[in-house]
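The residues making up each chain are set out below.
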Amino acid sequence: MPHNNYYQTIVDRDATPAEAERLGLRAVEFMADEQVIADEPSPCVPGGRMGHRPAEAWESAIVELDEYFLGLEFNGVEVVCGRQIFDAGQFASRPHCPECNKPRAADSAWQAALDGWREGDASASLDCPHCASRAPIVDWRHDTPIGFGCLGFTFWNWPSLNREFIERLAGVLGHRVVLVEGKL
Ligand SMILES: [Zn+2]
């Protein structure tokens, strides 16, 4: 039976490809020191990949306790490196113009802008049919949010992460972050 896995990814918006791996290690060290996750990786995320299991103080990172969480097969934190668009999986993401804030269809032009950014064009942009402005795809607001970056921390099946924890992690990275929530 197919099983849905819910995820939250904290995406570093500013990390370069060259620094992503080092910053990823630094963030894992921070979270392990805080007892939020285990230091040693183990297979605890979908796809047989490695992640970090929740540790003794994992609750300090969340909003509200979920009694079933620790018994789940996939409840690790996965460090994801490499230039990519962190999307919301099964949740639809609708682009909204950064100038007039009106929504636009997630059509082939939108897809082309995403592909352009993915292939390395940092200024890949998209037209707004409402106000006729053209803005870089990274500046468009997406609802639900997506993240453009080279480094992300995916929390598999964790209850909602709290704002303070996300801000502290952003502080460790020294960068802007965006929280992407999705379902696989
Ligand atoms: Zn507009």
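Residues numbered from 1 in each chain as written. Predicted model: local features only at pLDDT ≥ 70, side-chain atom pairs only at ≥ 80, totals over all residues. Heavy atoms only, no water.

A. View of the sheet that holds strand β9 (residues 147-156). Taken together, the four strands give an open sheet; going across it, the order is β4-β9-β1-β10, and neighbouring strands pair in antiparallel fashion. Since the sheet does not close on itself, it has two edges, and those belong to β4 (77-86) and β10 (177-183), each with one partner. With direction set aside, neighbouring strand axes in the sheet form an average angle of 30 degrees. Pairing between strand β1 (residues 6-12) and β9: six bridges, direction antiparallel. Across the sheet, Val 11 pairs through a bridge with Gly 152, a residue of β9. In this fold helix α1 (residues 17-33) packs onto β1, β4 and β9, with an angle of close to 25 degrees to the strand it touches most, β9. (Pairing = 2+ DSSP bridges. Helix = DSSP H or I, 4+ residues; strand = E, 2+ residues; numbered from the N terminus. Axes fitted to C-alpha atoms, helices over the stretch in contact; angles between N-to-C directions. Contact = heavy atoms within 4.5 Å.)

B. Seen up close, the packing of aromatic side chains. Scanning the model with the defined rule gives seven aromatic pairs in all. Relative to Trp 158, the ring of Phe 155 lies with its centre 5.1 Å away and its plane at 90 degrees, an arrangement referred to as edge-to-face. For the pair Phe 155 and Trp 158, one class covers both residues: buried. Members of the aromatic cluster, each reached through a chain of ring pairs, are Trp 58, Phe 69, Phe 155, Trp 158 and Phe 165. Lying across the ring of Trp 117, Arg 83 places its NZ or CZ 3.9 Å from the centre. (Phe/Tyr/Trp six-rings, centres within 6.5 Å; stacked < 30°, edge-to-face > 60°. Buried < 20%, exposed > 50% of the residue type's maximum accessible area, 1.4 Å probe, protein only. Lys NZ or Arg CZ within 6 Å of the ring centre and 35° of its normal.)

C. The coordination of the zinc ion, seen in detail. The coordination sphere of the zinc ion contains the protein donors Cys 97 (SG), Cys 100 (SG), Cys 128 (SG) and Cys 131 (SG), at a distance range of 2.3 Å. Classification of the site at the zinc ion rests on its four donor atoms, whose angles at the metal span 106 to 115 degrees, yielding the label tetrahedral. Sequence spacing of the donors to the zinc ion: C-x2-C-x27-C-x2-C. Take Cys 128: its relative accessible area is 3%, and that puts it in the buried class. (Donors = N, O, S within 2.8 Å, 3.2 Å for Na, K, Ca; no water. Tetrahedral: all angles 85-135°; square planar, octahedral: opposite > 155°, others 65-115°.)

D. Structural context of α1. Across its 17 residues, α1 extends 25 Å between first and last C-alpha, which sits within 8% of the 24 Å expected from 1.5 Å per residue. Residues Glu 19, Ala 20, Leu 23, Gly 24, Ala 27, Val 28, Phe 30, Met 31 and Ala 32 constitute the buried set of α1. For α1, the secondary structure elements touched by its buried residues are β1, β4, β9 and α3 (163-173). A positive backbone phi angle near 65 degrees is found at Gln 35, which sits one or two residues after α1. (Expected span 1.5 Å × (residues − 1).)

E. Summary view of the pattern of salt bridges. This structure, assessed with the given rule, holds eight salt bridges. Here Asp 115 and Arg 118 are joined by a salt bridge, their closest N and O atoms 2.7 Å apart. With Asp 115 and Arg 118 both in helix α2 (residues 108-118), this residue pair falls three residues apart, about one helical turn. When its relative accessible area of 38% is taken as the criterion, Arg 118 is described as partly exposed. (Salt bridge = Lys/Arg side-chain N within 4 Å of Asp/Glu carboxyl O.)

F. The arrangement of the side chain of Asn 75 in detail. For Asn 75, the location among the structural elements is in the loop between β3 (50-51) and β4. The buried category is assigned to Asn 75, whose relative accessible area is 1%. At 3.2 Å, the side chain of Asn 75 and the backbone oxygen of Phe 69 are in polar contact. Beyond its immediate chain neighbours, meaning those up to four positions away, Asn 75 contacts Cys 44, His 52, Arg 53, Pro 54, Phe 69, Leu 70, Trp 156 and Trp 158. (Polar contact = N/O pair within 3.5 Å; in protein donor to acceptor, adjacent residues only side chain to side chain.)

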